[in-house]
Amino acid sequence: MRCLKTVRNDSGYALVAVLLILTALTGLVVVAQANSRLEQRIGANASVNTRAYYTAEAGAENLMAAVREKMDEGLITMTAITEIDPDPPDIEGFTFVEYEADLSSTLTTRTVTQGPWAGLVSLDRDLVLVSSVEGPADSRAAITLMARVQTMPVFQWGIFYQADLEIDPRPRMDIRGRIHTNGELFIRADDGLYMWDMVTAAGDLHIQHKHTEFSYGSTDNYIRLNDGSWKEIT
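Residues numbered from 1 in each chain as written. Predicted model: local features only at pLDDT ≥ 70, side-chain atom pairs only at ≥ 80, totals over all residues. Heavy atoms only, no water.

Trainee: Run through the overall build of the protein chain, naming residues and quoting values.
Mentor: Summing up its helical and strand segments, the protein chain has two helices and 14 strands in all. Burial analysis of the protein chain (234 residues in total) assigns 28% to the buried set. Considering only contacts in the protein chain between residues 6 or more positions apart, those separated by 24 or more positions represent 47%. Element-wise, carbon and sulfur atoms account for 53% of the exposed surface of the protein chain, whose accessible area totals about 15,500 Å². (Helix = DSSP H or I, 4+ residues; strand = E, 2+ residues; numbered from the N terminus. Buried < 20%, exposed > 50% of the residue type's maximum accessible area, 1.4 Å probe, protein only. Contact = heavy atoms within 4.5 Å. Areas by Shrake-Rupley, 256 points an atom, 1.4 Å probe, with all protein chains shown as cover.)

Trainee: Got a sec to walk through the sheet that holds strand E8 (residues 178–181)? Specific residues and values, please.
Mentor: Sheet architecture is open: three strands sit in the order E5-E8-E11, paired in parallel fashion. On the outer flanks of this sheet lie strand E5 (157–161) and strand E11 (199–201), each paired with one strand and no other. With direction set aside, neighbouring strand axes in the sheet form an average angle of 5°. Judged from the three bridges that link them, E8 and E11 form a sheet pairing that is parallel. Paired with Ile179 across the two strands is Val199, which belongs to E11. (Pairing = 2+ DSSP bridges. Axes fitted to C-alpha atoms, helices over the stretch in contact; angles between N-to-C directions.)

Trainee: Please give an account of unusual backbone geometry that cites residues and values.
Mentor: Here the phi dihedral of Ala137 falls at roughly 55°; this positive angle occurs in a residue that is not glycine. Within the secondary structure layout, Ala137 lies in the loop between strand E3 (121–134) and strand E4 (140–151). Ala137 gets classed as exposed once you look at its relative accessible area, which sits at 60%. The residue Asp138 is not glycine, and still its phi comes out positive at about 60°. Structurally, Asp138 can be placed in the loop between E3 and E4. Asp138 sits in the exposed class, given a relative accessible area of 63%.

Trainee: Describe in detail the side chain of Ser131, supporting the description with residues and values.
Mentor: Topologically, Ser131 is positioned in strand E3. Within the structure, Ser131 has its side chain in polar contact with the backbone oxygen of Ala56 (distance 2.9 Å). Ignoring anything within four residues of it in the chain, the contact list for Ser131 reads Ala56, Gly59, Ala60, Phe96, Glu98, Tyr99, Ala141, Ala142 and Ile143. (Polar contact = N/O pair within 3.5 Å; in protein donor to acceptor, adjacent residues only side chain to side chain.)

Trainee: I'd love a proper account of the packing of aromatic side chains, names of residues and values included.
Mentor: Scanning all chains against the criterion turns up seven aromatic pairs. On the numbers, 5.2 Å between centres and 75° between planes, the contact of Tyr53 with Tyr54 is edge-to-face. An aromatic cluster of at least three residues, connected via ring pairs, comprises Tyr194, Trp196, Tyr222 and Trp230. For the cation-ring pair, Arg172 lies above Tyr194, with the distance from its terminal atom to the ring centre recorded as 3.8 Å. Against the face of Trp196 rests Arg176, its NZ or CZ located 3.6 Å from the ring centre. (Phe/Tyr/Trp six-rings, centres within 6.5 Å; stacked < 30°, edge-to-face > 60°. Lys NZ or Arg CZ within 6 Å of the ring centre and 35° of its normal.)

Trainee: Any chance you could break down the confidence of the model for the protein chain for me, citing the residues and the numbers?
Mentor: Averaged over every residue, the pLDDT of the protein chain is 79; the share at 70 or more is 76%. Counting interchain partners and residues more than four positions distant, the pLDDT-below-50 stretch residues 1–8 has zero contacts. (pLDDT = per-residue confidence, 0-100.)

Trainee: Just give me the short version of the side chain of Asn221, but keep the residues and values in it.
Mentor: Here Asn221 is to be found in strand E13 (residues 221–224). Engagement of the side chain of Asn221 in a polar contact is seen with the backbone nitrogen of Ala189, the distance being 3.3 Å.

Trainee: Tell me what's going on with the pattern of salt bridges, and back it up with residues and numbers.
Mentor: Per the counting criterion, the structure on display carries five salt bridges. Notably, a salt bridge pairs Arg140 with Glu134, separated by 3.6 Å at the nearest N-O pair. Its relative accessible area of 55% is what places Arg140 among the exposed residues. Residue class for Glu134 comes out partly exposed when judged on its relative accessible area of 38%. Of the charged contacts, one joins Asp164 and Lys210 as a salt bridge, the two residues approaching to 3.4 Å between their closest N and O atoms. Of this pair, Asp164 sits in the loop between E5 and strand E6 (165–167) while Lys210 sits in the loop between strand E12 (205–206) and E13, and the two are 46 residues apart along the sequence. The partly exposed category is assigned to Lys210, whose relative accessible area is 33%. If you follow the salt bridges from partner to partner, you end up with Arg110, Asp124 and Arg148 in one network. (Salt bridge = Lys/Arg side-chain N within 4 Å of Asp/Glu carboxyl O.)

Structure follows, in C-alpha cells:
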C-alpha cells in the first residue's frame, strides 16, 4: 500500500509541474503579442514623423528656390524678401504652420576668405528660412535654414561691367585691379594687354572681337598669376 501511495503522489506532482509549465508558456505568448503591438505602434509613429520631417524640408527648399529666383533680379533687400511669398508644397495630410523668410536688418562687414572673391570686403545680412508642419498622429517637424546674403561693393574692382565686356586696345594696356563682367568677356590686344589681378566673367572668355572674328595685330593677352609670373591667354 505504501508503494502504491508513493506512485500516486509522484504522478500528482508531475501533473502539477506540467500545468505550471503550460501557464508560463501562455504568459510568454501574451507578452510577445503585447511587444509586437507596441513595436507596430512605434514603427507607425516613426514613419509619420519621418514624413513630417521631409515635408518640412520640402517647404524649406521651396523657400530657398524663391530666394534664388529673387537674387536673379538683383540685390536682395528687405523689400525683396517681403515680396517672397510662394505657396508651400501641397502634401496630403500635412499643414504648414510656419513658412517664412526673414532677412536681418543688421549689416556686418566681413572679408571674404575663399572662392573667387577672396580678399574682397562684403556687406552681409543673415537670412533665416523657417518651415514647420503638423500632420497625422500629432506628428510635427520644423526646419530652419541659415544663409548669408553678401553684397560686394563694386568700387573694389578696377573694371566691373554689367553686360558683355570687350577689351581690345591697340597700344599696350596695363589694367591693375580686378576685372569682372556679368556677361561674356572678349579680349584682343595689338601691342599687349596685361591684366595684373583676378579676372572673372559670368559668361565665356573669347579671344576675339565681339562682333567679328577678324582682328588686327597679335594676340598678346597676359594675366598675372599668384606667384608673380605671367601667363599668356591664347
